[in-house]
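# Analysis of the macromolecular model
Each chain, letter by letter, is given below.
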Amino acid sequence: MQRVFSGIQPTGQLHLGNYLGAVHNWAKMQQHSDAFYCIVDLHSITTPQKAGSIGRETLRLAQMLLAAGLDPQVCTLFVQSHVREHTECAWLLECTVSFGELSRMAQFKDKSSRHEFISAGLFTYPALQAADILLYDTNVVPVGADQRQHIELTRDIAERFNHRYGDTFVLPTAVVPATAARVMDLQRPSDKMSKSLNSPKGTIDLLDEPTHIRKKIRSAVTDNESDVRFDVANKPGVSNLLSILAAATDRDPNTVATQYHQYGALKDDTADAVIALLAPFQARFSELEADPAQTSRLLQDGADKARELAASTLRRAKTNIGFLSDTY
Ligand code: TYM
């Protein structure tokens with residue numbers, strides 16, 4: 001069975017981009033693979049966080065992921081900071097990746113341009129991400145398009161490590177959805193929908209009320225033309241709505257486009273589809289929210305399972321480098 005691994009940061013709300021670009025696929029893939037899904041809280045502190053809030057956000061995100069369809073009976077859901085092998089392995093990989101490679105990462109360039117304090121952790125972030133993936137002998141990493149570069153770097157790091165120290169890590173491949181791999185902000189369709197964009201009217205949070213979802217989609221920025229066609233370069237706003245509607249109803253955006261002649265009808269149907277898609281998620285979240293202890297227990301079990309695998313891979317990596325063993 002293929003090993004699947006992916007991660008998500010516990011900052012702010014889960015939005016429609018996270019859902020259509022990644023989590024929707026996670027729920028599908030858990031059925032026919034050995035899937036590990038990780039809330040990457042250590043990655044979140046690469047940019048300044050309010051003291052005391054991260055634990056609450058982590059638990060809430062776990063509840064959202066379960067509400068979105070992750071099934072703890074078939075996949076392993078855990079918190080990155082509960083498995084300390086991640087940070088230890090990250091060090092080995094920081095020593096395997098070059099300053100130049102890390103400097104070329106688009107996420108680093110973007111985030112460092114938006115923050116005054118640029119932590120060393122923000123720079124070495126991709127080495128920790130590589131550790132997340134490589135510790136689990138991962139074959140496939142389901143992500144949105146923005147993470148492709150990090151997964152390619154992870155492959156390069158694994159290849160270099162294997163070349164230097166002998167066969168240690170499995171080389172992973174990114175899997176990006178055919179539709180909605182990059183959901184754009186509804187108000188600024190040239191920017192991707194993002195927790196850090198701070199654009200409440202352009203972002204659909206998965207817990208938004210139906211009336212708010214409809215309002216946001218109705219006021220989405222389109223263009224001055226009137227024809228509906230899927231053309232990301234010239235019609236980013238309309239194409240974004242088509243992608244969202246297509247992904248929410250499991251269709252192709254070009255096919256969906258042929259059914260519309262005006263923006264109003266496209267917006268109404270997109271709103272209906274998103275509201276229908278999120279209704280079961282929202283109901284399930286309310287149930288899970290009422291019993292936080294259940295989710296905490298589940299995360300503990302997940303970490304126990306993850307630790308076993310991570311410890312064995314880390315041991316292999318350290319042995320192959322040739323560190324003096326701590327046992328006789
Ligand atoms: P993060 O937390 O920013 O996002 C989680 C997942 O959501 C996808 N995504 C999107 N997809 C489509 N359209 C969007 N607008 C959009 N915004 C976000 C992301 O591509 C991602 O798949 N570095 C990662 C977290 C990470 C990770 C890992 C991922 C840490 N370790 C190991 C995979 C494997 C991140 O910041 O994702």
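Quantities reported herein were computed from a predicted structural model and do not represent experimental measurements. (Residues numbered from 1 in each chain as written. Predicted model: local features only at pLDDT ≥ 70, side-chain atom pairs only at ≥ 80, totals over all residues. Heavy atoms only, no water.)

### Quick notes on the overall build of the chain
Counted only if it meets this: Runs of H or I in DSSP of at least four residues are treated as helices and runs of E of at least two as strands, each being numbered from the N terminus. Atoms counted for the radius of gyration: C-alpha only. Globule rule: 2.2 Å times the number of residues to the power 0.38. Exposure categories follow from relative accessible area, calculated using a 1.4 Å probe and restricted to protein chains: below 20% of the type maximum is buried, above 50% is exposed, and the middle band is partly exposed. Residue contacts follow a heavy-atom distance rule, with two residues in contact if any of their heavy atoms lie within 4.5 Å. All accessibility values rest on the Shrake-Rupley procedure with a 1.4 Å probe; residue burial counts only the protein chains present in the view.
Each helix and strand in the chain was counted, giving 13 helices and five strands. Taking 2.2 N^0.38 as the reference for a compact globule, 328 residues should give roughly 20 Å; the C-alpha atoms of the chain span a radius of gyration of 21 Å, in line with that estimate. Each principal axis of the C-alpha distribution contributes one length, and for the chain these read about 75 × 45 × 40 Å. The buried share of the chain, reckoned over its 328 residues, is 52%. Sequence-distant contacts in the chain: of pairs separated by 6 or more residues, those separated by 24 or more amount to 76%. A total of about 15400 Å² of accessible surface is found on the chain, and carbon and sulfur atoms cover 51% of it.

### Description of the site of the ligand
Heads up, the condition is: Near, as used in this document, describes a residue that has one of its heavy atoms within 4 Å of the molecule or strand being considered. Throughout this description, a polar contact denotes any pair of N or O atoms lying within 3.5 Å of each other; where both atoms belong to protein, one of them has to be capable of donating a hydrogen while the other can accept it, and for residues adjacent in sequence the pair is counted only when both atoms sit in side chains. Note on residue classes: Ala, Val, Leu, Ile, Met, Phe, Trp, Tyr, Cys and Pro are nonpolar, Asp, Glu, Lys and Arg are charged, and everything else, Gly too, is polar.
Taken together, 28 residues lie around the ligand, and Y125, D132, D146, V183 and M193 are the ones closest in. At a separation of 2.9 Å, an oxygen atom of the ligand approaches a polar side-chain atom of Q9. Contact between the ligand and G144: an oxygen atom at 2.9 Å from a main-chain N or O atom of the residue. Here the ligand loses 96% of its free accessible area of 710 Å² to cover by the protein chains. Elements with a minimum of two residues in the shell around the ligand: β1 (3–8), α1 (16–29) and α7 (120–134). Of the residues in the shell around the ligand, the class split is twelve nonpolar, eleven polar and five charged.

### Comments concerning the packing of aromatic side chains
As a reminder, the rule being used: Ring pairs shown here join Phe, Tyr and Trp side chains whose ring centres sit within 6.5 Å, with only the six-membered ring taken for Trp; geometry is labelled stacked below 30 degrees between planes, edge-to-face above 60, and tilted in between.
In total, this model carries ten aromatic pairs according to the counting rule given. With a centroid separation of 4.8 Å and 55 degrees between ring planes, the pair formed by F161 and F169 is classed as tilted. Residue F161 is classed as buried on the basis of its relative accessible area, which comes to 0%. For the ring pair F281 and F285, a centre distance of 6.4 Å and an interplane angle of 20 degrees mean the geometry is stacked. Of this pair, F281 and F285 both sit in helix α12 (residues 263–289), four residues apart, roughly one helical turn. Since its relative accessible area comes to 3%, F285 is described here as buried. Three or more aromatic residues link up through ring pairs in this structure, and these residues are F5, F36, F78 and Y136.

### Notes on the pattern of salt bridges
The test is simple: The working definition used for a salt bridge is a side-chain nitrogen of Lys or Arg within 4 Å of a carboxyl oxygen of Asp or Glu.
This structure, assessed with the given rule, holds 19 salt bridges. In this structure, E101 and R160 form a salt bridge, with 2.7 Å as the shortest nitrogen-oxygen distance. Within this pair, whereas E101 is found in helix α5 (residues 99–103), its partner R160 is found in helix α8 (residues 148–165), the two being separated by 59 residues in sequence. Of the residues examined, E101 reaches a relative accessible area of 9% and is grouped as buried. One salt bridge connects D304 with R307, and the closest N-O pair in it is separated by 2.9 Å. Note that D304 and R307 are positioned in helix α13 (residues 292–321) at a spacing of three residues, about one turn of the helix. One connected set of salt bridges, linked through shared partners, spans D223, E225, D227, R229, D231 and K235.

### Focus: the nonpolar core
Stated formally: In this text, buried Ala, Val, Leu, Ile, Met, Phe, Trp, Tyr and Cys residues form a nonpolar core when linked through side-chain atoms within 4.5 Å.
Counting residues in hydrophobic clusters, the biggest one holds 60 residues, and the most contacted among them are L20, Y37, L65 and L77. No other element matches α12, which puts eleven residues into this core. In this structure, L65 is in contact with I8, L14, V23, W26, I39, L70 and L77, ignoring residues within four places of it in sequence. Residues F78, A127, L134 and F169 belong to the second largest nonpolar core, which totals 39 residues.

### Points about the pairing of strand β3 (residues 75–79)
The following threshold applies: At least two DSSP bridges between two strands are required for those strands to pair.
Among the five residues in β3, five count as buried, and that is most of the element. Burial of the side chains of β3 extends over both faces: C75, L77 and V79 are buried on one face and T76 and F78 on the other. Two strands pair when backbone bridges link them, and strand β2 (residues 34–39) and β3 are joined in this way by five bridges, in the parallel orientation. What sits directly across from C38, in β3, is F78.

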